[in-house]
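Architecture and fold: a report
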Amino acid sequence: MTRVFARSLSRKKIMSNDGKLIGTLKNIRVDFDSGQILDMIIHPDQAFSTEGYNLEDDKLLIIPFESVKDIKDYIVVDRYLARK
């Protein structure tokens, strides 16, 4: 995957690899020792079922960064790898 500046990720839409809109990126969690992105915190779309996903504060969906497949106009994630 190519390098992407964090500021370009702000408010980017998250879509699953099967074409479902998951939500909008709110924040990311980073391991400052390694510099690795751990999780993406997402505000879920109203039409997306959050059943089976980790929720935080009943609003934010946590998706491990390892499920990211592509970053362009959307951040594309593997929906099955995104479940914890």
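Being a predicted model, the structure only gives us computed values, none of them experimental. (Residues numbered from 1 in each chain as written. Predicted model: local features only at pLDDT ≥ 70, side-chain atom pairs only at ≥ 80, totals over all residues. Heavy atoms only, no water.)

1. Quick look at the side chain of Asp78
Within the element layout of this structure, Asp78 appears in the loop between strand 7 (75-77) and helix 1 (79-82). There is no salt bridge for the buried Asp78, and the closest opposite charge comes from Lys69, which lies 4.8 Å off by N-O distance. Only 2.9 Å separates the side chain of Asp78 from the backbone nitrogen of Tyr80, close enough to count as a polar contact. (Helix = DSSP H or I, 4+ residues; strand = E, 2+ residues; numbered from the N terminus. Buried < 20%, exposed > 50% of the residue type's maximum accessible area, 1.4 Å probe, protein only. Lys, Arg positive; Asp, Glu negative; His and termini not counted. Salt bridge = Lys/Arg side-chain N within 4 Å of Asp/Glu carboxyl O. Polar contact = N/O pair within 3.5 Å; in protein donor to acceptor, adjacent residues only side chain to side chain.)

2. Observations regarding the nonpolar core
In this structure, Ile14, Ile22, Met40 and Ile75 are the most contacted members of the largest nonpolar core, which totals 15 residues. At the level of elements, strand 2 (21-31), strand 3 (36-44), strand 5 (60-64), strand 6 (68-71) and strand 7 are the ones that each hand at least two residues to this core. (Core = buried A, V, L, I, M, F, W, Y, C linked by side-chain atoms within 4.5 Å.)

3. Thoughts on the sheet that holds strand 5
What the seven strands build is an open sheet, ordered 4-5-3-2-1-7-6; its pairing is mixed. The open sheet has two edge strands, strand 4 (54-56) and strand 6, and neither has a second partner. For this sheet the average axis-to-axis angle between neighbouring strands, irrespective of direction, equals 40°. Summarising the sheet, strand 3 and strand 5 pair through four bridges and their orientation is antiparallel. In the sheet register, Asp39 faces strand 5, and the bridge partner there is Pro64. (Pairing = 2+ DSSP bridges. Axes fitted to C-alpha atoms, helices over the stretch in contact; angles between N-to-C directions.)

4. Concerning the packing of aromatic side chains
The relative placement of two aromatic rings is captured by the distance of their centres and the angle of their planes. Applying the stated criterion across every chain, the model contains one aromatic pair. The interplanar angle of 55° and the centroid separation of 5.4 Å between the aromatic rings of Phe48 and Tyr53 together place this pair among those described as tilted. In this structure Phe48 comes out as buried when scored by relative accessible area, which is 9%. (Phe/Tyr/Trp six-rings, centres within 6.5 Å; stacked < 30°, edge-to-face > 60°.)

5. Comments concerning the pairing of strand 2
Here three bridges tie strand 1 (residues 13-16) to strand 2, and the two strands are oriented antiparallel to one another. Within strand 2, the residue paired with Met15 across the bridge is Leu21. Between strand 1 and the antiparallel strand that follows it, strand 2, lie four residues; Gly19 among them carries a positive phi value of about 90°. With eight bridges joining them, strand 2 and strand 3 adopt antiparallel strand pairing. Looking at strand 3, one finds that Thr24 is bridged to His43.

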